[in-house]
Amino acid sequence: QVQLEESGGGWVQPGGSLRLSCAASGNIRSFNIMGWYRQAPGRERELVAHIFSGGSTYYVQSVKGRFTISRDNAKNTVYLQMNSLKPEDTAVYYCNADILIPATQYWGQGTQVTVSS
């Protein structure tokens, strides 16, 4: 059973930065897609960014130019560098890993990010 463990969340002032890490118990090369989602209070969980096995990336419009997703295959870890944070970025951030065939999805427990002054 694959386990994903997020870390790096916390409180930061607007304009600040945080780096989230997602450590996988297995080889992340086995995942077709890894990504970060977030869920703010009273809202649905939404995609933040994806990184595909070939290295290409996708970002939701609201974080483009501020967030960067990356992966370190040797450490079985995916990162989300978040810069120029805004109060609206406040949410629980979840790591996600997908295998396309057979369709399998894994989730971490989440890490809280709070942006406020």
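Structure: above.
Just so you know, these numbers come straight off a predicted model, no measurement behind them.

> Where do I start with the sheet that holds strand 7 (residues 67-72) in this structure?
Within a sheet, neighbouring strands are paired by backbone hydrogen bonds and run either parallel or antiparallel to one another. Judged by pairing direction, the sheet is antiparallel, and its 4 strands sit side by side in the order 1-3-8-7 without closing on themselves. Of all the strands in the sheet, the pair left with one neighbour each is strand 1 (4-7) and strand 7. Put simply, the sheet's adjacent strands are angled 15 degrees from each other on average, direction ignored. With 4 bridges joining them, strand 1 and strand 3 (residues 18-24) adopt antiparallel strand pairing. Bridged to Ser7 within strand 3 is Ser21.

> What am I meant to see in the state of the cysteines here?
Two cysteines, two sulfur atoms, one covalent bond between them: this is a disulfide. This model, assessed by the stated rule, comprises 1 disulfide. Shown here is the disulfide that connects Cys22 with Cys95, its sulfur atoms set 2.0 Å apart. Sign of the S-S torsion, about -80 degrees for the bond between Cys22 and Cys95, identifies this disulfide as left-handed. Highlighted residues: Cys22 in strand 3 and Cys95 in strand 9 (residues 91-99), separated in sequence by 73 residues. The pair Cys22 / Cys95 is uniform in exposure class, with both members buried.

> Would you explain the side chain of Arg71 in this entry?
As for its placement among the helices and strands, Arg71 is situated in strand 7. We note that Arg71 is buried and unpaired, the nearest opposite charge coming from Asp72 at a distance of 8.7 Å. Within the structure, the side chain of Arg71 is placed 3.3 Å from the backbone oxygen of Phe52, a separation counted as a polar contact. Every residue in contact with Arg71, bar those within four places of it in the chain, is listed here: Ile28, Arg29, Phe31, Ile51, Phe52, Ser53, Thr77 and Val78.

> What exactly am I supposed to notice about unusual backbone geometry here?
For the peptide bond that leads from Ile101 to Pro102, omega is -10 degrees, which places it in the cis range. Phi at Asn76 takes a positive value of approximately 50 degrees, unusual for a residue other than glycine. Within the fold, Asn76 resides in the loop between strand 7 and strand 8 (77-82). For Ser84, which is not glycine, the phi dihedral falls at a positive 50 degrees. Residue placement: Ser84 occurs in the loop between strand 8 and strand 9.

> Looking at this structure, how should I read the packing of aromatic side chains?
Given two aromatic rings, their pairing is described by the distance between the two centres and the angle made by the two planes. Scanning the model with the defined rule gives 2 aromatic pairs in all. Each ring, one from Phe31 and one from Tyr106, has its centre 6.0 Å from the other, and the planes form 65 degrees; the classification is edge-to-face. Of this pair, Phe31 sits in the loop between strand 3 and strand 4 (33-39) while Tyr106 sits in strand 10 (residues 104-107), and the two are 75 residues apart along the sequence. Of the residues examined, Phe31 reaches a relative accessible area of 1% and is grouped as buried. Note on Tyr37 and Trp107: the rings are 4.9 Å apart at their centroids and 65 degrees apart in plane angle, and the pair reads as edge-to-face. Placement of the pair is Tyr37 in strand 4 and Trp107 in strand 10, with a sequence separation of 70 residues. Over the ring of Tyr94 we find Arg45; its NZ or CZ atom is 3.7 Å from the centre of that ring.

Analysis parameters
Residues numbered from 1 in each chain as written. Predicted model: local features only at pLDDT ≥ 70, side-chain atom pairs only at ≥ 80, totals over all residues. Heavy atoms only, no water. Pairing = 2+ DSSP bridges. Helix = DSSP H or I, 4+ residues; strand = E, 2+ residues; numbered from the N terminus. Axes fitted to C-alpha atoms, helices over the stretch in contact; angles between N-to-C directions. Disulfide = S-S within 2.5 Å. Buried < 20%, exposed > 50% of the residue type's maximum accessible area, 1.4 Å probe, protein only. Lys, Arg positive; Asp, Glu negative; His and termini not counted. Salt bridge = Lys/Arg side-chain N within 4 Å of Asp/Glu carboxyl O. Polar contact = N/O pair within 3.5 Å; in protein donor to acceptor, adjacent residues only side chain to side chain. Contact = heavy atoms within 4.5 Å. Phe/Tyr/Trp six-rings, centres within 6.5 Å; stacked < 30°, edge-to-face > 60°. Lys NZ or Arg CZ within 6 Å of the ring centre and 35° of its normal.

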